[in-house]
Amino acid sequence: MTKASQCRRTQGLSLVEVILAMAILAMAMVMLSQLVRLGLRAAGEARDVTRGQLLAESIMSEVAAGITPAESVQQVPVDLEPGWLVSIEVQTTMQDGLLQVVVVTERNSESKNKARFQLSRWMRDPSLPLPTDDASLEEEGNANAFLDSSSSTRGSELQGGTS
């Protein structure tokens, strides 16, 4: 080879090298776009599960406060959140006056992303009457009287032991 051909060869890239570089770049772009697509889908699912959790907690608070009746319902649409369904299951427990309430929120089956969240809580039966203030004060007074008598007994025992 002559000196002139060597200089000309080192000045640029060959067509094969350019095509190979473009193929590597295209494959890297395809892989990155797949990763971005998977990340967006995972973020959407996380958003939907979080929304379902917030809805379930809100509905559970409404049941606990007595705003929503403590009755079982199946897949009722949520008024303020279109595309979401709520199910409430109320079960009695072995303890009198205690209910187990399960709230399930899920995306409507027409939606592309299927998200579901279940929240369970034990609460006092809202159909039972609340204790009156007189009865609770009397129970509190009895408890205080018991504590006072037991503490005074312990005090006299200590005083008798030191004499």
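What counts, and where the lines are drawn
- Residues numbered from 1 in each chain as written.
- Predicted model: local features only at pLDDT ≥ 70, side-chain atom pairs only at ≥ 80, totals over all residues.
- Heavy atoms only, no water.
- Helix = DSSP H or I, 4+ residues; strand = E, 2+ residues; numbered from the N terminus.
- Buried < 20%, exposed > 50% of the residue type's maximum accessible area, 1.4 Å probe, protein only.
- Contact = heavy atoms within 4.5 Å.
- Salt bridge = Lys/Arg side-chain N within 4 Å of Asp/Glu carboxyl O.
- Lys, Arg positive; Asp, Glu negative; His and termini not counted.
- Pairing = 2+ DSSP bridges.
- Axes fitted to C-alpha atoms, helices over the stretch in contact; angles between N-to-C directions.

> Hey, could you run me through the side chain of E106 in this one?
Turning to its location among the elements, E106 is positioned in strand β3 (residues 98-107). Exposure remark for E106: the relative accessible area of 10% places this residue in the buried category. Excluding residues that lie within four positions of it along the chain, E106 makes contacts with Q75, G83, W84, L85, K114, A115 and R116.

> I tried to follow the pattern of salt bridges on my own but got confused; where do I start?
Pairs may arise between side chains of opposite charge once their charged atoms sit close together. Per the counting criterion, the structure on display carries three salt bridges. Two residues, D48 and R47, come together in a salt bridge whose shortest N-O distance is 3.4 Å. The exposure class assigned to D48 is buried, which follows from its relative accessible area of 4%. The residue K114 makes a salt bridge to E106 at a minimum N-O spacing of 3.8 Å. On the accessibility criterion, K114 (54% relative accessible area) is exposed.

> What is the right way to look at the side chain of D125 in this model?
With respect to the element layout, D125 can be found in the loop between β4 (116-124) and α3 (133-162). Despite its burial, D125 pairs with no opposite charge, the nearest such side chain being R124 at 6.8 Å. Aside from chain neighbours lying at most four places away, what touches D125 is G97 and L99.

> Before we go on, may I ask you to explain the sheet that holds β4 in this structure?
Hydrogen bonds along the backbone pair up the strands of a sheet, which may run parallel or antiparallel. Spatial strand order, β1-β2-β3-β4: four strands in an open sheet with antiparallel pairing. The two strands at the open ends of the sheet, each matched to only one other strand, are β1 (73-77) and β4. Direction aside, neighbouring strands of the sheet carry axes that sit 20° apart on average. As paired strands, β3 and β4 are joined by nine bridges and run antiparallel to one another. Note that in β4 the partner of T105 across the bridge is F117. Across the face of the sheet, helix α2 (residues 15-65) comes into contact with β2 (84-92), β3 and β4 while running at roughly 20° to β4.

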